[in-house]
Each structure stands twice: as C-alpha cells, then as structure tokens.
Amino acid sequence: MINDRLVDAGELPIAVRDFGGDAPPLVLLHGAGGNLATLTTVARALRPRHRVVTMDLRGHGRSGDGPWSWEAALGDIAAVAVHLGLERPAVVGHSLGGMLAALWGQRHPEAPGVVSLDGCPPPSRPDRLPGLDPEKAAGELARLTQVFDAMHAGMGRTIPAEELPDLVEREQMAARDMGANEKVWIEGFRRNLAHVDGETTTRPSAATAGQLRELMTGLDLTPVYAAMPCPLLTVLPTRSLPEEEPFADLYAAHRRFLTDQVTAAARANPRVRYLQLHDASHAMVIEQPEPLAQLIGDFLASAG
C-alpha cells in the first residue's frame, strides 16, 4: 500500500512516498526542479523487485526549506532511511539525485549499490568539452549561462490565480509531447506550487536554485568514482533534449567528456560500471521508465 508522510529530518520535514512491500529497499531521488511525483512511473516499474521510497529533496515539493549542501541533503536521505527502517538501502537518482546517489555510495560502502541516471554536473569548462574548439567552447558556454540566468530569474515566481489554468493546460500539452503519463506529470507540476497567504509561488525558490546551481557546477565526480567503495552504475544519454538542440555541438562534446570520464573510472575501479542508453536524452526517466527499471533491478541483483 502506498503511503505518503512527512519525516522529521531535524532542521526541516522531508516528504516521502513509500510504495511498500518487504523486498530490498531502494530510495529513488529526483532531479533539480522536480519532486517525488516525477519518478512515479519508474517507481511503479521497480516495485516488483524493491520496496521503493521516493522523497522530495529539501526545497522541493512538500519538503521544508533549508540551506542546500551535499552534506545536508545526504543527511536528509539518512534520516528517511532511519525513520522508515530501511536497512542498507540502494540509492538511485536522476540528474541532481544521481549526483547524490554517487556521493551516498562514496560515504556508504555497505550500500548494496547506487545508480546515477545522468547524474552529472552541467557543462561549465572549455577544457571538459573534447573535440570542440576552445574559443567556440567558451562562447557557447557564455551563451548557455545566459539561458540559465534567465531560467534562474523565473524561479520562485508568484503565479496570478487567473494564469494557473493556462499553465496547467500547457503542462498537459508538454506531457503529451513527451509521451508521459499526463496525470503523473500534472501531479509533479502541482506539487511544486506553494500556496501561502493567498499567493501561489513556484518551487524551488530562486535562492535554492542558486545554491543548487553553484553546487552542481562545482562538483567533480572523478575522485568520487575513483574511490567508490560500493557498486555504482552510471547511465548516460545518447542524444540531446529538444531545448538543448541550439547547443548541439556543446552537449555532444559534453557527452564525450562524460563517456571518457566514466570509461576511465570503470577501468581503474572494478566497482564502477556504465552504459549509454540507446535513444535516450537527459529526460530518460520519462522516455524509458520500464527499461530503466529493468536495468536498475538487474544491476542491483548482480551487484548483491
């Protein structure tokens, strides 16, 4: 039976959804700007093999607000595991959640396995864009920064009541365009709306988004992979998102860097594995939830 609850993580409450069962526990983490609802389809596909628990990361969904750091977020995951009695859970995450999964594995050698679904820092350095002319790389990164700056400026904005129906309709259209479950997609959209004192605002806030942007840009996973003490699977995309197409050369170079990085890590550390998911973009959890659940389940079964 699916159970939604709030877990006391100390400084703030963390919202969780427990899909139940007595199979080996698995904590499933969403990406920046998402929430636990965005992983519902993957969670359902994993249920036959795992007791799946999803959670809203701090500053997202129904969880509380608090300063963002890797240690604080890892502490939230640990609090959820303790509160729900999850012994040695596997941790699987998408995007930001994948970075947290890798960091969890680095700190928890007893974990049966961790999985990162394109949990990689965004492109930010010309020297990490192989095959791209350095001058062009710098120019493309500057142009991408402007796009991210514009997105950041809209975070945490107030939504007038009369605009909300149009926004919901647009989200429904986006779900259809992606081939996603419309009901799940709309739950994810609504879950990141905060209603306080008669006003509706979006989550995460601009402050939280800024902290996340700085953390993700500054993260270097190379030493994390090198010292990984438990089994790790990294799943990488093979194509760009539609919104990444104006930066197609930059993102292609970024994927080459990530592939080189995890290939070298797998050669140096037998606990590290990777694969490139055919015809998948960064939105792989929406595009291919069932194949991903199969990959995750098979990996954790073989790792254990």
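Structure: see above.
Residues numbered from 1 in each chain as written. Predicted model: local features only at pLDDT ≥ 70, side-chain atom pairs only at ≥ 80, totals over all residues. Heavy atoms only, no water.

**Q** Mind showing me how you'd approach the overall build of the protein here?
**A** Per the secondary structure count, the protein includes 11 helices and 11 strands. Scaling as 2.2 N^0.38, a compact globule of 304 residues should have a C-alpha radius of gyration of about 19 Å, and the protein matches this with 19 Å. In terms of principal-axis extent, the alpha carbons of the protein reach across some 55 × 50 × 35 Å. Counting the 304 residues in the protein, one finds 50% classified as buried. For the protein, the exposed area adds up to about 13500 Å²; of that, 54% sits on carbon and sulfur atoms. (Helix = DSSP H or I, 4+ residues; strand = E, 2+ residues; numbered from the N terminus. Rg over C-alpha atoms; globule rule 2.2 N^0.38 Å. Buried < 20%, exposed > 50% of the residue type's maximum accessible area, 1.4 Å probe, protein only. Areas by Shrake-Rupley, 256 points an atom, 1.4 Å probe, with all protein chains shown as cover.)

**Q** Is there a simple way to think about helix α6 (residues 182–191) in this case?
**A** Three or four residues apart is the spacing at which side chains of an α-helix point the same way, because the helix has 3.6 residues per turn. Three or more residues of α6 are buried, namely Val184, Ile186, Gly188, Phe189 and Arg191. Tucked into the core, α6 has its buried residues touching β1 (3–8), β2 (13–18), α1 (40–46), α5 (164–178) and β8 (193–196). Put simply, asparagine 181 is the residue that caps the front of α6, since its side-chain oxygen is 3.0 Å from the backbone nitrogen of lysine 183. (Contact = heavy atoms within 4.5 Å. Polar contact = N/O pair within 3.5 Å; in protein donor to acceptor, adjacent residues only side chain to side chain.)

**Q** Explanation requested: the sheet that holds strand β11 (residues 272–276) in the structure shown.
**A** Strand pairing in a sheet relies on backbone hydrogen bonds. The paired strands run either parallel or antiparallel. Taking strand neighbours across the sheet as the criterion, the eight strands line up as β1-β2-β4-β3-β5-β6-β10-β11 in an open arrangement whose pairing is mixed. Among the strands making up the open sheet, the edge pair consists of β1 and β11. On average, each strand axis in the sheet is inclined to that of its neighbour by 20 degrees, with strand direction left out of account. Relative to strand β10 (residues 232–236), strand β6 (residues 114–117) is paired through four bridges, and the arrangement is parallel. For leucine 117, the partnering residue across the bridge sits in β10 and is valine 235. (Pairing = 2+ DSSP bridges. Axes fitted to C-alpha atoms, helices over the stretch in contact; angles between N-to-C directions.)

**Q** Quick question: what am I supposed to make of helix α7 (residues 206–218) here?
**A** With 13 residues, α7 should cover 18 Å at 1.5 Å per step; its first-to-last C-alpha distance of 18 Å lies within 8% of that length. Of the positions making up α7, those classed as buried are Thr208, Ala209, Leu212, Leu215 and Met216. Angular distribution of buried residues about the axis of α7 spans 130 degrees; they occupy a single face of the element. Residues Ala207, Glu214 and Gly218 are exposed on α7 and point more than 90 degrees away from its buried face. (Expected span 1.5 Å × (residues − 1). Arc of directions from axis to C-beta.)

**Q** Where do I start with the environment of histidine 83 in this structure?
**A** Along the chain, the position of histidine 83 falls in helix α2 (residues 70–84). The class for histidine 83 is partly exposed, based on a relative accessible area of 45%. Sequence-wise, histidine 83 and methionine 155 are 72 residues apart; in three dimensions their C-alpha atoms are separated by 31 Å. When sequence neighbours within four positions are dropped, the list of residues in contact with histidine 83 reads Arg5 and Val7.

**Q** When you look at the nonpolar core in this model, what are you seeing that I'm missing?
**A** Soluble globular proteins: nonpolar side chains tend toward being buried together. Membership of the largest hydrophobic core comes to 47 residues, with the highest contact counts inside it found for Met55, Trp68, Trp70 and Leu100. When residues in this core are grouped by element, the largest group, eight residues, is from α2. Beyond its immediate stretch of four places on either side in the chain, leucine 100 contacts Leu29, Leu57, Trp68, Trp70, Ala73, Leu74 and Ile77. Membership of the second largest hydrophobic core comes to 23 residues, among which are Ala43, Leu117, Val285 and Ala293. (Core = buried A, V, L, I, M, F, W, Y, C linked by side-chain atoms within 4.5 Å.)

**Q** Mind showing me how you'd approach the environment of glutamate 171 here?
**A** Within the fold, glutamate 171 resides in helix α5. A residue is classified by how much of its surface remains accessible, and glutamate 171, at 24% relative accessible area, is partly exposed. A sequence separation of 47 residues divides glutamate 171 from glycine 218, and the C-alpha atoms of the two residues are 31 Å apart. In contact with glutamate 171, not counting residues within four places along its chain, are Trp185, Ile186 and Phe189. In this structure the side chain of glutamate 171 is engaged in a polar contact, spanning 2.8 Å, whose partner is the side chain of tryptophan 185.

**Q** What should I look at first to understand unusual backbone geometry in this one?
**A** With glycine set apart, most residues show a phi of negative sign, and most peptide bonds adopt trans. Between arginine 203 and proline 204 the backbone carries a cis peptide bond, its omega angle lying at 0 degrees. With respect to the secondary-structure elements, proline 204 resides in the loop between β9 (199–202) and α7. Notably, arginine 88 is not glycine yet its phi reads approximately 50 degrees, a positive angle. When you line up the elements, arginine 88 lands in the loop between α2 and β5 (90–94). Judged by relative accessible area, which is 45%, arginine 88 ranks as partly exposed. We note that aspartate 197 has phi near 55 degrees; this positive angle belongs to a residue other than glycine. One can find aspartate 197 in the loop between β8 and β9. The exposure class assigned to aspartate 197 is exposed, which follows from its relative accessible area of 78%.

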